[in-house]
Amino acid sequence: MTNDEKPQDVHARPEDEAAPKPTDASVDPVAEALALLTAERDELKDRMLRTLAEMENLRRRTEREVADARTYAVTNFARDMLNVADNVRRALESVPADQRNAAEGSFKGLIDGIELTERDLVKNLERHGVKPVEPQGQKFDPNRHQAMFEVPNPDVPAGTVVQVVQTGYVIGDRVLRPALVGVAKGGPKAAPNPADAA
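Peer 1: Looking at this structure, I do not really get the sheet that holds strand β2 (residues 145-152). What am I missing?
Peer 2: Adjacent strands of a sheet pair through backbone hydrogen bonds, lying either parallel or antiparallel. The mixed open sheet is built from 3 strands, whose spatial order is β2-β6-β3. Across the chains shown, the open sheet's two edge strands, defined by having one partner strand only, are β2 and β3 (161-166). Direction aside, the axes of adjacent strands within the sheet are offset by 30° on average. Direction of pairing for β3 relative to strand β6 (residues 179-185): antiparallel, over a ladder of 4 bridges. Across the sheet, the residue bridging to Gln 163 is Gly 182, located in β6.

Peer 1: For this particular structure, what's the right way to read the packing of helix α3 (residues 75-93) against helix α5 (residues 105-127)?
Peer 2: When two helices pack together, their arrangement is captured by the angle between the axes and the distance separating the axes. Running from N to C, α3 and α5 point in directions that differ by 155°, and their axes come no closer than 10 Å. It follows from the interaxial angle that α3 and α5 lie roughly antiparallel. With respect to the hand of their crossing, α3 and α5 are arranged in left-handed fashion. Contacts between α3 and α5 involve Ala 78, Met 81, Leu 82, Val 84, Ala 85, Val 88, Arg 89 and Leu 92 from the former and Ile 111, Ile 114, Glu 115, Glu 118, Leu 121 and Leu 125 from the latter. Broken down by class, the residue content of the contact of α3 with α5 amounts to 11 nonpolar, no polar and 3 charged.

Peer 1: Looking at this structure, how should I read the environment of Tyr 72?
Peer 2: Within the secondary structure layout, Tyr 72 lies in helix α2 (residues 29-72). Every residue in contact with Tyr 72, bar those within four places of it in the chain, is listed here: Ile 171, Gly 172, Asp 173 and Arg 174.

Peer 1: Help me understand the pattern of salt bridges in this model?
Peer 2: Where charged atoms of side chains with opposite charge meet at close range, the side chains can pair. For the coordinates displayed, the defined rule picks out 11 salt bridges. A salt bridge links Arg 60 to Glu 56; the shortest N-O distance between them is 3.5 Å. Pair noted here: Arg 60 and Glu 56 are both in helix α2, with a separation of 4 residues, about one helical turn. Given a relative accessible area of 45%, Arg 60 falls into the partly exposed group. In this structure, Lys 123 and Asp 120 form a salt bridge, with 3.9 Å as the shortest nitrogen-oxygen distance. Note that Lys 123 and Asp 120 are positioned in helix α5 at a spacing of 3 residues, about one turn of the helix. Look at Asp 120 and you get partly exposed, because its relative accessible area is 38%. Through salt bridges with shared partners, one network takes in Glu 56, Arg 59, Arg 60 and Glu 63.

Peer 1: Got a minute to help me understand the pairing of strand β5 (residues 174-177) in this structure?
Peer 2: Side-chain direction in a regular strand flips from residue to residue, so the side chains alternate between the two faces of the sheet. With 3 bridges connecting them, strand β4 (residues 168-171) and β5 associate as antiparallel partners. Within β5, the position partnered with Ile 171 by the bridge is Arg 174. Hairpin connection from β4 to β5: 2 residues lie between these consecutive antiparallel strands, with Gly 172 at a positive phi of about 65°.

Peer 1: Would you mind going over the layout of surface pockets with me for this structure?
Peer 2: Over the atoms rolls a probe the size of a water molecule, and its path tells where empty space is left. In this structure, the largest pocket occupies an estimated 310 Å³ of space. Along its surface, the largest pocket is lined by 13 residues, and Asp 86, Arg 89, Glu 118, Thr 167 and Tyr 169 are the ones closest to its centre. Secondary structure elements with two or more residues in the lining of the largest pocket: α3, α5 and β3. Of the residues forming the lining of the largest pocket, the biggest block, 5 residues, is contributed by α3.

Conventions and cut-offs
Residues numbered from 1 in each chain as written. Predicted model: local features only at pLDDT ≥ 70, side-chain atom pairs only at ≥ 80, totals over all residues. Heavy atoms only, no water. Pairing = 2+ DSSP bridges. Helix = DSSP H or I, 4+ residues; strand = E, 2+ residues; numbered from the N terminus. Axes fitted to C-alpha atoms, helices over the stretch in contact; angles between N-to-C directions. Parallel < 35°, antiparallel > 145°, perpendicular 65-115°, else oblique. Left-handed = near helix turned anticlockwise from the far one by under 90°. Contact = heavy atoms within 4.5 Å. Nonpolar A, V, L, I, M, F, W, Y, C, P; charged D, E, K, R; others polar. Salt bridge = Lys/Arg side-chain N within 4 Å of Asp/Glu carboxyl O. Buried < 20%, exposed > 50% of the residue type's maximum accessible area, 1.4 Å probe, protein only. 1 Å grid on protein atoms, 1.4 Å probe; cavity = no way out; pocket = protein on both sides within 12 Å on 5 of 7 lines; lining within 4 Å. Points joined across faces, edges and corners; volume = space filled by probe spheres on them.

What follows is the structure, given as structure tokens:
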């Protein structure tokens, strides 16, 4: 009798049918689906949080750029207007002080008009954030001043601004034009700045 001809065991034991068959389905399909959905939810939550963080960073950066644009939009125009302010100042300084004080009539009116124009120009520049740098007597700061020459002066600490050739200006916290200055040399060493020590 061959294997094909062997009679089938008609009396299979019931415990054989009830025994779990070793298959890949030994993992609970509901738990597997739940695990997949949880992983997908966590991934989507992570993406959402990252997107929200990116949007917040973009909002802050945009606000900063808009504020900078408001503050510095007039930079080129202001730089051009500084030449006008310099010329007005030179016009006033070209008249000697004794003649300015003794001026009468139309000459006095001309001087008063130029002074008024200068005050108005400076006021309008300040309204748009352009302010003069007053370096006289301060320690030389290469970020705000440009040294034109050194002045031998043993009375003041070395590196102190003792003469201003041309006024400097800032717009916001940026230098619009550095002040052209003369710096003392040969004096005692400048005292260290407490902010630098910290």
